Amino acid sequence: MAASASERPQFISSNGGNRSFSNAPLIDNSDPNQIIVPEKKSWKNFFAYLGPGFLVSIAYIDPGNFETDLQAGAQYKYELLWIILVASCAALVIQSLAANLGVVTGKHLAEHCRAEYSKVPNFLLWVVAEIAVVACDIPEVIGTAFALNMLFSIPVWIGVLLTGLSTLMLLALQQYGVRKLEFLIAFLVFTIALCFVIELHYSKPDPGEVLHGLFVPQLKGNGATGLAISLLGAMVMPHNLFLHSALVLSRKIPRSSTGIKEACRFYLIESGLALMIAFLINVSVISVSGAVCNAPDLTPEDRAKCEDLDLNKASFLLRNVVGKWSSKLFAIALLASGQSSTITGTYAGQYVMQGFLDLRLEPWLRNLLTRCLAIIPSLIVALIGGSAGAGKLIIIASMILSFELPFALVPLLKFTSCKTKMDSHVNHMAITTLTWVIGALIMGINIYYIVSSFTKLLIHSHMKLALVIFCGILGFSGIAIYLASIAYLVFRKNRKAIPLLASTNSQTVETLPRQDIVDMQLHGKAAASDLD
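Cut-offs and rules
Residues numbered from 1 in each chain as written. Predicted model: local features only at pLDDT ≥ 70, side-chain atom pairs only at ≥ 80, totals over all residues. Heavy atoms only, no water. Salt bridge = Lys/Arg side-chain N within 4 Å of Asp/Glu carboxyl O. Helix = DSSP H or I, 4+ residues; strand = E, 2+ residues; numbered from the N terminus. Buried < 20%, exposed > 50% of the residue type's maximum accessible area, 1.4 Å probe, protein only. Axes fitted to C-alpha atoms, helices over the stretch in contact; angles between N-to-C directions. Parallel < 35°, antiparallel > 145°, perpendicular 65-115°, else oblique. Contact = heavy atoms within 4.5 Å. Nonpolar A, V, L, I, M, F, W, Y, C, P; charged D, E, K, R; others polar. Phe/Tyr/Trp six-rings, centres within 6.5 Å; stacked < 30°, edge-to-face > 60°. Lys NZ or Arg CZ within 6 Å of the ring centre and 35° of its normal.

(A) Seen up close, the pattern of salt bridges. All chains considered together, the criterion is met by two salt bridges. Here Glu209 ties to Lys77 by a salt bridge, and the two come within 2.8 Å at their closest N and O atoms. Residue Glu209 is found in helix H10 (residues 207–215), and its partner Lys77 is found in the loop between helix H3 (63–76) and helix H4 (81–105); the two are separated by 132 residues along the sequence. Look at Glu209 and you get partly exposed, because its relative accessible area is 33%. Taking the relative accessible area as the measure of exposure, Lys77 reaches 26% and is therefore partly exposed.

Put into structure tokens, the structure is as follows:
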């Protein structure tokens, strides 16, 4: 039974911070139409957990991924495939921790940040998270505009404006319930996969070279490190950690120790399945690009396109080398990717705002605000720089996401270290240690790249010495602040906290799903369960 408001466990804190939640962790009445996981252990329970992983996987195959994948294949053939493999494995570990945090504690990552940090750090973390959501939305806007251009010859800048209509699509989908929405997202993911499997079949990349690129790490040539960071940023996105920890709260799971461990296990399997499909799609995109741009009979005009390949040029390249139908298939996949990413981006933004600020907006208004912030820079770049400028903006957005990852990853690691440990049978310490190593490597690569790139920019610039010194002081001060912020999050000692929904000794006690999370997904409509 659900506890009364006075009996619900609260955080026990020892220093200042935002310690209370105005939204209750539990609700006092049960909706029979919610997605309910039976208490009885069975492999059939897995189907109740299907859904959140596919919503999360969309971020790994959005237009930003396609852009960086195409450039990686065009410039370095299959040499950067290992980055996709490493990033996908890292993503599975990180996303499983995010899901576990929500399952065990009943609160998502943004809410834990609000409870743990004082007002100023909490506000700054919210700003960084919102920037990540907008940076994620920019590739979706540009990718959808490119897809409309390929399919209907609509100018890119007009396509950018038309992407605002995706808000209406999102509203239309929400009224049908979370299950149908999750099935639609899964359908779009398989549509994207099918399109690139067909492309892969006709482009005929060399299997031996593909396997060599997957399992032999190498970074050769100028710009390989920057492109590798863009690939990493496009794969492991900070807003996805907030999203996954919130999506799992839409299920009603048994609150027994067995039920919680089963939920964590099935969410891991479900995430692995969805991310494996996303991994294969990314490998297919790089392989197609690498095979097409390194074809022996490539014309000089097509070879020039490969040197500065973006989403729009890829369409013409595929049409010239493989066939017109190939261009249309790519456009369909791109459109499906951009539109499905809109849904997950809106959810992530809503959870971030609700969690950090305890502020909720109507989903259509939240989508409109985020989309407007993404449309403005995309429209300016599309008008001034054309499709080439828009393509470069996608790369910049992906790199921003990579640099912002520590500000979501470090809090997640700190929270999961003390809140989601189940028992000795769950290799929690090993997983946490592995994730800390992954996070340290990502942060180390980012820091190395930003310092080395900024230093080269100053050395090779033609500015006057005084201006170079001023820019150097300004730039390295910014880097120092960036490092200090990460260090604060890493070394700050968290307050001891009681997990909000700790498991009980009972094998029959259940908790209700978070009604506010369900409402955000359904816009006030109840989800129809597909299980008896």
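(B) Summary view of the packing of H3 against helix H16 (residues 324–357). H16 packs onto H3 with a crossing angle of 135 degrees between their chain directions and a minimal axis gap of 9 Å. Our classification of the angle between H3 and H16 gives oblique. Counted together, Pro63, Phe66 and Leu70 of H3 and Phe330, Ala333, Leu334, Ser337, Gly338 and Ser341 of H16 form the full contact between these two elements. When the residues that make up the contact of H3 with H16 are grouped by side-chain class, the tally is six nonpolar, three polar and no charged.

(C) How the structure looks around the packing of aromatic side chains. Per the stated rule, a full pass over the model turns up 14 aromatic pairs. Aromatic pair Tyr117 and Phe415: ring centres 6.3 Å apart, planes at 50 degrees, arrangement tilted. Here the residue Tyr117 occupies a position in the loop between helix H5 (109–116) and helix H6 (119–152), and Phe415 occupies one in helix H18 (residues 406–419), the gap between them amounting to 298 residues. When its relative accessible area of 1% is taken as the criterion, Tyr117 is described as buried. Where Phe123 meets Trp126, the ring centres are 5.5 Å apart and the plane angle is 45 degrees; that geometry is what we call tilted. In this pair, Phe123 and Trp126 are both assigned in helix H6, three residues apart and thus about one turn of the helix distant. Judged by its relative accessible area of 17%, Trp126 is buried. Three or more aromatic residues joined by ring pairs form one cluster here, namely Trp43, Phe46, Phe47, Tyr49, Phe266 and Tyr267. The residue whose ring lies beneath Arg265 is Phe266, and the NZ or CZ to ring-centre distance is 5.5 Å.

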